[in-house]
Amino acid sequence: MSLGIGAVSGLVILAGIPLVLMMPTDMTSVAHGYLKWMLFLATYYIIGNSLNSTVIGGIFPAGGDTKFGMICDCITLWLVVVPLGALAAFVWNLPVIAVAAILTLDEFVKIPAVYIHYKKYKWVKNITRDE
């Protein structure tokens, strides 16, 4: 369900792009182009975010596993996305939008690990008190 909600949210953002692009009148053409592409990036980012937020922020903690989300976020952010973003910007000299696209990959990098963790059911813990 969260995947569907993320897809619908992405479509809403996509449909709203022309309206958003009409609003700022004193924007340079470069800034206008960046805004357009950042909104396109948001359309796919929200799908991964919706899925991961539901599982990492909802299902896992409800089952008693809050540590996995923290570890997963730290690893994907600091060991994958930030180093790739730094390489893209400072070594490969990619355009700003390409760097932004790389920096928004964190949600999709997490999905395989989240799915595997979910299917193993190690996140299900006894969170009730024994009396």
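Undergrad: What exactly am I supposed to notice about the environment of Pro-61 here?
TA: One can find Pro-61 in helix α2 (residues 29-62). Its relative accessible area of 29% is what places Pro-61 among the partly exposed residues. Between the C-alpha atom of Pro-61 and that of Phe-90, which follows or precedes it by 29 residues, the distance is 38 Å.

Undergrad: Is there a simple way to think about helix α3 (residues 67-91) in this case?
TA: Along an α-helix, residues three or four positions apart point the same way, because every turn accommodates 3.6 residues. A rise of 1.5 Å per residue sets the reference length of α3, with its 25 residues, at 36 Å; its end C-alpha atoms lie 34 Å apart and thus fit the reference within 8%. The principal kink in α3, of about 35°, is found at Leu-77. Listed as buried for α3 are Phe-68, Gly-69, Cys-72, Thr-76, Val-81, Gly-85 and Ala-88. Tucked inside the fold, the buried residues of α3 contact α2, α4 (96-103) and α5 (106-120). Of the residues flanking the end of α3, it is Asn-93, one or two places downstream, whose phi is positive at about 50°.

Undergrad: Would you take a moment to explain the packing of aromatic side chains for this structure?
TA: Within a pair of aromatic rings, the relevant descriptors are the distance that separates the centres and the angle that separates the planes. Under the criterion given, the structure shown has seven aromatic pairs. On the numbers, 5.4 Å between centres and 50° between planes, the contact of Trp-37 with Phe-40 is tilted. Placement of both Trp-37 and Phe-40 in helix α2 is noted, with a separation of three residues, approximately one turn of the helix. Overall, the relative accessible area of 44% leaves Trp-37 in the partly exposed class. Judged by its relative accessible area of 30%, Phe-40 is partly exposed. Arranged with centres 5.8 Å apart and planes meeting at 40°, the rings of Tyr-118 and Tyr-121 form a pair that is tilted.

Undergrad: Explain α2 to me, please; I cannot follow it from the model alone.
TA: An ideal rise of 1.5 Å per residue puts 50 Å on 34 residues; α2 measures up with 47 Å between its terminal C-alpha atoms. A maximum bend of about 30° is found in α2 at Tyr-45. Taken together, the buried positions of α2 are occupied by Leu-39, Leu-41, Thr-43, Gly-48, Ser-50, Asn-52, Val-55, Ile-56 and Phe-60. Looking at the buried positions of α2, the neighbouring elements they touch are α1 (2-22), α3, α4 and α5. Of the residues trailing α2, Gly-64 is marked for its positive phi of about 100°.

What counts and how
- Residues numbered from 1 in each chain as written.
- Predicted model: local features only at pLDDT ≥ 70, side-chain atom pairs only at ≥ 80, totals over all residues.
- Heavy atoms only, no water.
- Helix = DSSP H or I, 4+ residues; strand = E, 2+ residues; numbered from the N terminus.
- Buried < 20%, exposed > 50% of the residue type's maximum accessible area, 1.4 Å probe, protein only.
- Expected span 1.5 Å × (residues − 1).
- Bend = angle between axes of the 7 residues up to and from the residue.
- Contact = heavy atoms within 4.5 Å.
- Phe/Tyr/Trp six-rings, centres within 6.5 Å; stacked < 30°, edge-to-face > 60°.

By themselves, these observations are geometric and do not establish any function.
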